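A closer look at the structure
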Amino acid sequence: MSGSGNYDLKEDIRDYWSRRAATFDLAFGHRIPRGPEHDAWAAAIGAVLGPPPQTVLELACGTGEITDVLLSLGHAVTALDFSEAMLATARAKHRDRVRFRLADAERTMEPDAAYDAVVCRHLVWTLTAPEAAFADWFRLLKPGGVLLVFDGDWARPTPLGRLAATAISLVERVIGHDPHYDGAMGERHGAIMRRLPFGAGLTVERLVPMLDAAGFEGFEERSHVPIAAAQRKGADLRNRLRTRLYRRFVLSCRKPSGNG
């Protein structure tokens, strides 16, 4: 994908997320409420980033939910998104506590070796040019800096996930469809996904060789189970089932200490 076709795809992605910005915090699995779920995210991020304050670049910050976790840990955060609508929501939450930038996560235009860590949630699957993006992220990290990715294979439910999807359909016959949830089965979401490099599924097994080629090392896959378990606390049946649909992962790696 290149040229005008790639541009059109990126504009479709921008428009899709911009249209969802006003109600995105109502979508289960996006908002991170204080309590067990916030604590689980903080534990997962803190285990990789280490003691604060770290200079952190958050890519595709959306409405600022991961931003809030990073701030709660005491880090200095620069957060970027290429949707003005998403940034407006994030700015309203965090005001002067964060440096916000309207920018493309695939071409950040940030300075070389400027950050201790780069963090993103549910971004990598949407990349239109992943190799170029990974090279850019490598460039802007300091030697020894950390890349932390939260993502999943949204194209293919797990065997248990297929059972969960059937159960969700049965539940929704009784209680109706959730208007704020547009997962991988949503029509427009699916149309975008089919045009992406990771449209057939994003897995750790596919991602690691690409990051390795960009220069990263020290790969560690961590379990997403504690976060999913925290999400289920207090959730209704439909949302508890949603946490079972897909294989989600937490992957970290580093820029070698010897590279400037």
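Scroll up for the structure.
Below or above, wherever it landed, is the structure these notes cover. It should be emphasised that the depicted structure is a prediction, and the values quoted were computed from it without experimental measurement.

As for the overall build of the protein
Across its full length, the protein holds 10 helices and seven strands. Computed over its C-alpha atoms, the radius of gyration of the protein comes to 18 Å, within 12% of the 18 Å expected for a compact globule of 260 residues. Seen along its three principal axes, the alpha-carbon backbone of the protein occupies a region of about 60 × 45 × 35 Å. Across the 260 residues of the protein, 53% fall into the buried class. Of the accessible surface of the protein, which amounts to about 11,800 Å², a share of 54% is contributed by carbon and sulfur atoms.

Regarding the packing of aromatic side chains
As enumerated under the stated definition, the model contains six aromatic pairs in all. Ring plane angle 80 degrees and centroid distance 4.8 Å describe the contact between Tyr-16 and Trp-17, whose orientation is recorded as edge-to-face. Taken individually, Tyr-16 and Trp-17 each receive the classification buried, so the pair is uniform in this respect. The ring of Trp-41 has Arg-121 lying over it, and the distance from NZ or CZ to the ring centre is 5.3 Å. Its end group placed over the ring of Phe-138, Lys-255 keeps NZ or CZ at 4.9 Å from the ring centre.

With respect to the sheet that holds strand 2 (residues 76-81)
The mixed open sheet is built from seven strands, whose spatial order is 3-2-1-4-5-7-6. Only two strands of the sheet have a single neighbouring strand rather than two, namely strand 3 (99-102) and strand 6 (217-222). Averaged over all adjacent pairs, the angle separating strand axes in this sheet is 15 degrees, with direction ignored. Both strand 1 (residues 55-59) and strand 2 contribute to a ladder of five bridges, which runs parallel. Within the sheet, the bridge partner assigned to Val-56 lies in strand 2 and is Val-77. The strands that helix 2 (residues 36-49) touches are strand 1, strand 4 (115-121), strand 5 (141-153), strand 6 and strand 7 (247-254); relative to strand 5, the one it contacts most, it runs at about 150 degrees. Lying over the sheet, helix 4 (residues 84-94) contacts strand 2 and strand 3, oriented at roughly 170 degrees with respect to strand 3.

Examining the nonpolar core
The biggest cluster of nonpolar side chains holds 50 residues, and the ones touching the most others in it are Leu-59, Val-124, Phe-134, Trp-137, Leu-147, Leu-207 and Leu-211. When residues in this core are grouped by element, the largest group, five residues, is from helix 5 (residues 130-140). Ignoring any residue separated from it by four or fewer positions in sequence, one finds Leu-147 in contact with Val-118, Trp-137, Leu-141, Leu-211, Phe-216, Leu-251, Ser-252 and Cys-253. Ala-42, Val-69, Val-98 and Val-146 belong to the second-largest nonpolar core, a separate cluster that totals 28 residues.

Some words on helix 6 (residues 159-175)
Between its first and last C-alpha, helix 6 extends 25 Å over 17 residues, near the 24 Å set by a 1.5 Å rise per residue. Residues of helix 6 that are buried include every one of Gly-161, Ala-164, Ala-165, Ile-168, Val-171 and Glu-172, and no others. The arc that holds the buried residues of helix 6, viewed along the axis, is 125 degrees, so those residues lie on one side. Exposed side of helix 6, more than 90 degrees from the buried face: Pro-159, Leu-163, Arg-173 and Val-174 are the residues found there. Against the buried residues of helix 6 lie helix 10 (237-242). Of the residues one or two after helix 6, Gly-176 is the one with positive phi, at around 90 degrees.

Things to note about the environment of His-189
Residue position: His-189 is located in helix 7 (residues 187-193). Expressed as a C-alpha distance, the spacing of His-189 and Trp-17, which sit 172 residues apart in the sequence, is 9.7 Å.

Digging into the side chain of His-94
Tracing the backbone through its elements, the reader meets His-94 in helix 4. The class for His-94 is buried, based on a relative accessible area of 4%. Excluding its chain neighbours within four sequence positions, the residues that come into contact with His-94 are Gly-64, Thr-67, Asp-68, Leu-71 and Phe-100.

Details of the side chain of Glu-106
By secondary structure assignment, the location of Glu-106 is in the loop between strand 3 and strand 4. Side-chain polar atoms of Glu-106 contact the backbone nitrogen of Thr-128, separated by 2.8 Å. Sequence-distant contacts of Glu-106, defined by excluding residues within four places in its chain, comprise Lys-10, Thr-126, Leu-127, Thr-128, Ala-129, Ala-132, Ala-133 and Asp-136.

Describing the pattern of salt bridges
With the rule as written, the count across this model stands at 21 salt bridges. Among the ionic pairs, Lys-10 bridges to Glu-106, the shortest N-O distance being 3.1 Å. Of this pair, Lys-10 sits in helix 1 (residues 3-20) while Glu-106 is found in the loop between strand 3 and strand 4, placing the two residues 96 residues apart along the sequence. The class for Glu-106 is buried, based on a relative accessible area of 11%. We note a salt bridge from Arg-34 to Asp-68, for which the minimum N-O separation is 3.2 Å.

Parameters at a glance
- Residues numbered from 1 in each chain as written.
- Predicted model: local features only at pLDDT ≥ 70, side-chain atom pairs only at ≥ 80, totals over all residues.
- Heavy atoms only, no water.
- Helix = DSSP H or I, 4+ residues; strand = E, 2+ residues; numbered from the N terminus.
- Rg over C-alpha atoms; globule rule 2.2 N^0.38 Å.
- Buried < 20%, exposed > 50% of the residue type's maximum accessible area, 1.4 Å probe, protein only.
- Areas by Shrake-Rupley, 256 points an atom, 1.4 Å probe, with all protein chains shown as cover.
- Phe/Tyr/Trp six-rings, centres within 6.5 Å; stacked < 30°, edge-to-face > 60°.
- Lys NZ or Arg CZ within 6 Å of the ring centre and 35° of its normal.
- Pairing = 2+ DSSP bridges.
- Axes fitted to C-alpha atoms, helices over the stretch in contact; angles between N-to-C directions.
- Contact = heavy atoms within 4.5 Å.
- Core = buried A, V, L, I, M, F, W, Y, C linked by side-chain atoms within 4.5 Å.
- Expected span 1.5 Å × (residues − 1).
- Arc of directions from axis to C-beta.
- Polar contact = N/O pair within 3.5 Å; in protein donor to acceptor, adjacent residues only side chain to side chain.
- Salt bridge = Lys/Arg side-chain N within 4 Å of Asp/Glu carboxyl O.

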